[in-house]
Amino acid sequence: MGKKLLSIYIGGEAVVKIYDNKVEKIRKPKKYRIRRLDKILRIRRTKSEAKILHLARKSGVATPIVYDVVGCKIVMEKISGEPVKHVMNAEISKKIGESVAKLHANDIIHGDITPMNMIIQDGKIYFIDFGLAFIDNKIEPKGVDLHVYFESLKAYYDDWKELKESFVEGYLRAGGSKDVVLRAEEIESRGRYVERVGLA
Amino acid sequence: MKALGIEGTAWSLSVAVVDENDVIAIAENPYIPKEGGIHPREASQHHSEHIAELIASVFSKVKPDEIDVVAFSQGPGMGGCLRVVATAARTIALKLNKPLVGVNHCLAHVEVGRWKTKAKNPVSLYVSGGNSQVIARRGNRYRVFGETLDIGIGNALDKLARYMGLKHPGGPKIEELAKKGRKYYELPYVVKGMDFSFSGLVTAAQKLYDEGVRKEDVAFSFQETAFAMLTEVTERALAYLDLDEVLLVGGVGANERLQEMLKTMCEDRDAKFFAPPKRLMGDNGAMIAYLGLLMYKHGYETPVEKSTIKPDFRIEEVVVNWD
Ligand SMILES: Nc1ncnc2c1ncn2[C@@H]1O[C@H](COP(=O)(O)OP(=O)(O)OP(=O)(O)O)[C@@H](O)[C@H]1O
Ligand SMILES: Nc1ncnc2c1ncn2[C@@H]1O[C@H](COP(=O)(O)OP(=O)(O)OP(=O)(O)O)[C@@H](O)[C@H]1O
Ligand SMILES: [Mg+2]
Ligand SMILES: [Mg+2]
């Protein structure tokens, strides 16, 4: 088996090199931020991503296997399949809800749940990009997790309402808490109705 | 074709006339709080006291009958301020017998930026006192892909400045202090996908100040952290949407460090960075006039009975039928 480089993705925080048999996620220095902050973020995120990819799989959610971590580079399994972004429907959104409930049951906050950060392979949904993930047992961060997903649905799909409902159905059915769903609603209205005053 | 525009959603009170090419006349009288932040009642009082003279001033440079359409910011903004603006706009439109167009303030920031920079299909970073959003167009609407989960970056800067004894508006003062900063203190860096939050950052920076850290270093650490967050989410949006232009708009866009960071990020991924001239970055009547002109040319008109203010007006609500 060769190691052919198929494509490169320059994301918000990393360069992702996709080979035919593996994926390398490399957090290169970002010149726009000062060295000190840059280093803190790159090291912290690489360590935490590798760790949480593993924890997520233990909680029953499909994630790529980590082969190696070298400095700010993660080498992992390549998931071949379609990014969820291109094939989204109500059924898939429900499955995503079920997976997120499993993550939350283990206090794993993904931090960036969007249709770009999930890949569907043989009907199974793989979660990737745990770069902004962390561990927390509180309702608020779990609510934000859902909020980020709902906002991304709104931005991409005209039938976002239906997709959101399916997600909630799956989330609750798999043991997700009603309080978290309510908190997500509250967070949305928060951003919307803040008095636009300098007093804050 | 010429449009008159009135802006007055918060601190700024500004009346301007534009045509398709440029700003023809502008008159402004900002509300500057004597102490503390913006007081909604004082702001609307200020607006109602000064709006007539600003309109008169603009009409001394452009003849009223040259105006083809009257535009006003219908929202989002503070109720009392918006009411003053809407009332003035209705009065002029009725008196001159000209059509009225109520426009979305956030969309005006973006469109005036595209007008003056020629950016085609950018990811817009809109950063002001009350708003901080990552916006891009999808089909016939603008969509907000990311935004603050609590306060706007401008309010955060103003709040920190006030805490350190500086007068409103604090953004420019923090910028000056930060230029003399040397030491970076780590502060909470909070990014959730394309969303972000500033309130924890403000609290932590205030604590640094309480502990005796130099103002300059507090300002420096704050800017470096907050602006890196904004640059990261903008880059994430570029990657997600596969776009290659960034447009910076809103009052905080005047900040040179923020501009520099975005420019560097763009250079590193072969994207183009755009920012309109400083005077069109913050709230101003010209952007309202320009969007009014654009909308009117594309068939929009707001009948008086539908011209009620919209304090929570979202950019997504506007159907965009122009290029
Ligand atoms: N293990 C993998 N298998 C297949 N494709 C992958 C894998 N990991 C990442 N990708 C692809 O690369 C893209 C970028 O990866 P990832 O989201 O981890 O990068 P990032 O820099 O963190 O992006 P972001 O801008 O979201 O922060 C994904 O959207 C996906 O298409
Ligand atoms: N050079 C600067 N650096 C940082 N912040 C700045 C600078 N100049 C102005 N600001 C900030 O910009 C904000 C004002 O922005 P703007 O003029 O867009 O008004 P606004 O009423 O807050 O806008 P909106 O109604 O769009 O939310 C203030 O918070 C001010 O401190
Ligand atoms: Mg990521
Ligand atoms: Mg503004």
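Within each chain, residue numbers correspond to sequence positions counted from 1 in written order. Here the convention is simple: chains get letters from A, ligands get numbers from 1, in the order in which they are written. Local features are withheld for residues below a pLDDT of 70 in this predicted model, meaning they are given only at 70 or higher, and side-chain atom pairs are given and counted only at 80 or more; totals for whole chains, interfaces and linings count all residues.

**Quick notes on the overall build of chain A**
Our working rule: Counting from the N terminus, the helices are DSSP H or I runs at least four residues long and the strands are E runs at least two residues long. Only C-alpha atoms enter the radius of gyration, while the globule expectation follows 2.2 Å times N to the 0.38, with N the number of residues. Three exposure classes are used, all based on how many other C-beta atoms lie within 10 Å of a residue's own C-beta (placed from the backbone): buried at 20 or more, exposed at 12 or fewer, and partly exposed between those limits. The contact criterion used is a C-beta to C-beta distance within 7 Å, with each C-beta placed from the backbone.
Assigned secondary structure in chain A consists of six helices and ten strands. Against the globule reference of 16 Å for 200 residues, chain A gives a C-alpha radius of gyration of 18 Å, in line with a compact fold. Projected onto its principal axes, the C-alpha positions of chain A cover 50 × 45 × 30 Å. Within chain A, the fraction of its 200 residues that count as buried is 41%. Sequence-distant contacts in chain A: of pairs separated by 6 or more residues, those separated by 24 or more amount to 67%.

**Re the site of ligand 2**
Here is the rule we go by: Residues are counted as near a molecule or strand when the C-beta atom, derived from backbone positions, lies within 6 Å of that molecule or strand. Under the scheme applied here, ten amino acids are nonpolar (Ala, Val, Leu, Ile, Met, Phe, Trp, Tyr, Cys and Pro), four are charged (Asp, Glu, Lys and Arg), and all others, including Gly, are polar. The domain boundaries here were taken from an automatic or database domain assignment.
Near ligand 2 lie 26 residues; those nearest to it are Gly129(B), Gly154(B), Gly171(B), Gly251(B) and Gly282(B). Two or more chains meet at ligand 2, and those chains are chains A and B. For the shell around ligand 2, the secondary structure elements donating two or more residues are helix H4 (153-163) and helix H5 (171-179) of chain B. The residue makeup of the shell around ligand 2, split by class, is seven nonpolar, 15 polar and four charged. No fewer than three residues from each of domain 1 (3-109 + 280-317) and domain 2 (121-276) of chain B sit in the shell around ligand 2.

**A closer look at the interface of chain B and chain A**
Facing 43 residues of chain B, the contacting portion of chain A comprises 30 residues. Elements that contribute at least two residues to the side of chain B that touches chain A include exactly strand E8 (141-147), H4, strand E9 (191-192), helix H7 (215-241) and helix H8 (256-268) of chain B. Element by element, the count of residues in the side of chain B that touches chain A is highest for H7(B), at nine residues. Its residues placed into classes, the side of chain B that touches chain A shows 16 nonpolar, twelve polar and 15 charged.

**Focus: the site of ligand 1**
The environment of ligand 1 is made up of 24 residues, and the closest members are Gly11(A), Gly12(A), Ala14(A), Pro64(A) and Asp129(A). The local environment of ligand 1 is shared, drawing residues from chains A and B. When contributions to the shell around ligand 1 are tallied by element, the ones reaching two or more residues are strand E2 (15-19) and strand E3 (23-26) of chain A together with H7 of chain B. Summarising the domain contributions, the shell around ligand 1 has at least three residues from each of domain 1 (5-76) and domain 2 (82-193) of chain A.

**A word on the domain arrangement of chain A**
When the parts of a complex come together, some accessible area is lost, and that lost area is often taken as the interface size. All names here are of chain A. The domain architecture assigned to chain A consists of domain 1 (5-76) and domain 2 (82-193). The straight-line distance from the C-alpha centre of domain 1 to that of domain 2 is 21 Å. Counting residues at the interface gives 15 residues for domain 1 and 15 residues for domain 2. For the side of domain 1 that touches domain 2, the class distribution of residues is eight nonpolar, four polar and three charged.

**What about the sheet that holds strand E5 (residues 73-76) of chain A?**
The pairing of strands in a sheet comes from backbone hydrogen bonds and takes either a parallel or an antiparallel form. Residues and elements named next belong to chain A. Operational definition: Pairs of strands are assigned from DSSP output, requiring at least two bridges between the strands. For helices, the axis comes from a line fit to the C-alpha atoms of the stretch in contact; other axes are also lines fit to C-alpha atoms, and the angle between any two N-to-C directions lies between 0 and 180 degrees.
One open sheet holds the five strands; their spatial order is E1-E2-E3-E5-E4, and the pairing between them is antiparallel. Each edge of the open sheet is held by one strand with a lone partner, namely strand E1 (5-10) and strand E4 (66-70). For this sheet the average axis-to-axis angle between neighbouring strands, irrespective of direction, equals 15°. Two strands pair when backbone bridges link them, and E2 and E3 are joined in this way by four bridges, in the antiparallel orientation. Counted as the bridge partner of Val15 is Ile26 from E3. Against the sheet, helix H1 (residues 35-58) contacts E4 and E5, and its axis sits at roughly 165° relative to E4.

**Examining the environment of Pro64(A)**
Residues and elements named next belong to chain A. Here Pro64 shows up in the loop between H1 and E4. Among the residues examined, Pro64 registers 21 C-beta atoms within 10 Å and is labelled buried. Through-space distance from the C-alpha of Pro64 to that of Leu53 is 7.3 Å; in sequence the pair is eleven residues apart. The contacts of Pro64, once residues within four sequence positions are left out, are Val23, Leu53, Met76, Glu77, Ile79, Tyr126 and Ile128.

**What about the domain arrangement of chain B?**
All names here are of chain B. Taken as a whole, chain B is organised into domain 1 (3-109 + 280-317) and domain 2 (121-276). Computed over C-alpha atoms only, the centres of domain 1 and domain 2 are separated by 27 Å. Each partner contributes residues to the interface: domain 1 has 14 residues there, and domain 2 has 18 residues. Across the side of domain 1 that touches domain 2, the residue classes tally to eight nonpolar, four polar and two charged.

**Brief notes about the confidence of the model for chain A**
We count it as follows: Confidence per residue, as judged by the predictor, is encoded in pLDDT with a range of 0 to 100.
Averaged over all residues, the pLDDT of chain A is 93; the fraction at 70 or higher stands at 94%. Within the model, the stretch residues 193-200 of chain A combines pLDDT values under 50 with 20 contacts to residues more than four positions away or in other chains.

**A look at the environment of Val168(A)**
All names here are of chain A. Considering the arrangement of structural elements, one finds Val168 in helix H5 (residues 160-173). A count of 20 C-beta atoms within 10 Å places Val168 in the buried class. The spacing of Val168 and Glu140 is 28 residues in sequence and 17 Å in space, taken between C-alpha atoms. If we skip the residues at most four places from it in the chain, Val168 touches Gly97 and Val181.

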